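Reading the structure
These are the residues of each chain, in order.
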Amino acid sequence: MEHYLDPEEQIQCPYNSAHLIRRKVFNTHLVKCRKANPDIKLVPCDFNVTHWVEEPCLQHHHENCPDRKKIETKFYVDDKTDLNKYPVRNTYIPSDENWDDENVPTYNPQKTCLSKEVIRHLDVASAGKKKNFRMEERQRMSQFTNNTNRPPKSDFPSSQKVELPETRQFSDAINENENTPNSVEQVLMKTARAVVPKKNKNFKR
């Protein structure tokens, strides 16, 4: 696991040992100090650009550089070793949809709001521009209140009468039963003529 370096850490300058420079501005100091000391010939390290040493000592520095491990582990790591403790399986989901192939114009929200009953607001502008904007918005909103943008009545579909199905016509030739009463009086007469059963004298409750 890599350790994050402290940007406020002080590093000794290779051109002047009396210079203790913070890590976050060390590269800027190296450029200035190199120009101020043209007689000192130093070469950079291959593993860290902030390491500047004399050319005869460069090979020895490469063998003992503390940052050498960061570079070599990326080239000489065994393929069988899994550095990821929690791997995520990549699943490919085929799809026929491609938004890049569709020739659709770019959506313009300002143009869309002009044709709809949407309240707009102008934030950053001068007082005169805000006043003109409010007047234009009042005129635009008045069009919707006066129903000027609605289609005329002739454009609406006219109310059509719905034809209902014809009622079923029964034929007059219905075989009526002769005993069927035709009035209430006949019903009462037949009820009065009905034989009422006699009470059973032997029946005891």
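For clarity, every value in this text was computed on a predicted model and none was experimentally measured. (Residues numbered from 1 in each chain as written. Predicted model: local features only at pLDDT ≥ 70, side-chain atom pairs only at ≥ 80, totals over all residues. Heavy atoms only, no water.)

A look at the overall build of the chain
Summing up its helical and strand segments, the chain has 6 helices and 4 strands in all. Listing the helices and strands of the chain from first to last along the sequence gives β-β-α-β-β-α-α-α-α-α. Buried residues in the chain amount to 12% of all 205 residues. Within the chain, counting contacts between residues at least 6 apart in sequence, those at least 24 apart form 14% of the total. Only carbon and sulfur atoms are counted for the fraction: they give 52% of the accessible area of the chain, which is about 20,700 Å². (Helix = DSSP H or I, 4+ residues; strand = E, 2+ residues; numbered from the N terminus. Buried < 20%, exposed > 50% of the residue type's maximum accessible area, 1.4 Å probe, protein only. Contact = heavy atoms within 4.5 Å. Areas by Shrake-Rupley, 256 points an atom, 1.4 Å probe, with all protein chains shown as cover.)

With respect to the pattern of salt bridges
Applying the stated criterion to the full structure yields 7 salt bridges. For Glu8, the salt bridge goes to Lys24, with nearest N and O atoms at 2.9 Å. Of the two residues, Glu8 sits in the segment before β1 (10–12) while Lys24 sits in the loop between β2 (20–22) and α1 (26–36), which places them 16 residues apart along the sequence. Classification of Glu8 by relative accessible area gives partly exposed; the value is 41%. (Salt bridge = Lys/Arg side-chain N within 4 Å of Asp/Glu carboxyl O.)

Some words on the UniProt feature "domain: CHHC U11-48K-type" (unreviewed entry) in the chain
Here the UniProt feature "domain: CHHC U11-48K-type" (unreviewed entry) sits at residues 10–37 and 42–69. Between the C-alpha atoms that bound residues 10–37 the distance is 21 Å, and the span itself is 39% helix and 21% strand. Secondary structure across residues 42–69 comprises 32% helix and 14% strand; the distance between its end C-alpha atoms is 23 Å. (UniProt positions renumbered as here; feature names shortened; annotations may be inferred.)

Examining the state of the cysteines
According to the stated counting rule, one finds 0 disulfides in the structure shown. With no disulfide of its own, Cys45 lies closest to Cys65 among cysteine sulfurs, the gap being 3.9 Å. (Disulfide = S-S within 2.5 Å.)

Remarks on helix α5 (residues 127–145)
Helical geometry: 3.6 residues make up each α-helical turn, so side chains three or four residues apart lie on a common side. Look at α5: 27 Å from first C-alpha to last across 19 residues, which is about the 27 Å you get at 1.5 Å a residue. Regarding α5, the residues found buried are Phe133, Glu137, Arg140 and Phe144. The arc that holds every buried residue of α5, seen down its axis, measures 65°, which confines them to one face. For α5, the exposed residues lying more than 90 degrees away from the buried face are Ala127, Lys131, Arg138, Gln139 and Thr145. Lining the buried residues of α5 we find α4 (109–114). (Expected span 1.5 Å × (residues − 1). Arc of directions from axis to C-beta.)

Re a nonpolar patch on the surface
A cluster of nonpolar residues, Ile71, Phe75 and Tyr76, forms a patch on the protein surface that exposes about 400 Å² of accessible area. For Ile71, a relative accessible area of 34% corresponds to the partly exposed category. (Patch = residues over 30% accessible without salt bridge, like charges linked within 9 Å, V, L, I, M, F, W, Y side chains within 5 Å.)

A short note on the confidence of the model for the chain
Per-chain confidence: the chain averages 76 in pLDDT, with 68% of residues scoring 70 or above. Mean pLDDT values for the elements of the chain range from 69 in helix α6 (residues 184–193) up to 91 in β2. Every residue in residues 170–175 scores below 50 in pLDDT, and together they form 0 contacts with partners more than four places removed in sequence or on other chains. (pLDDT = per-residue confidence, 0-100.)

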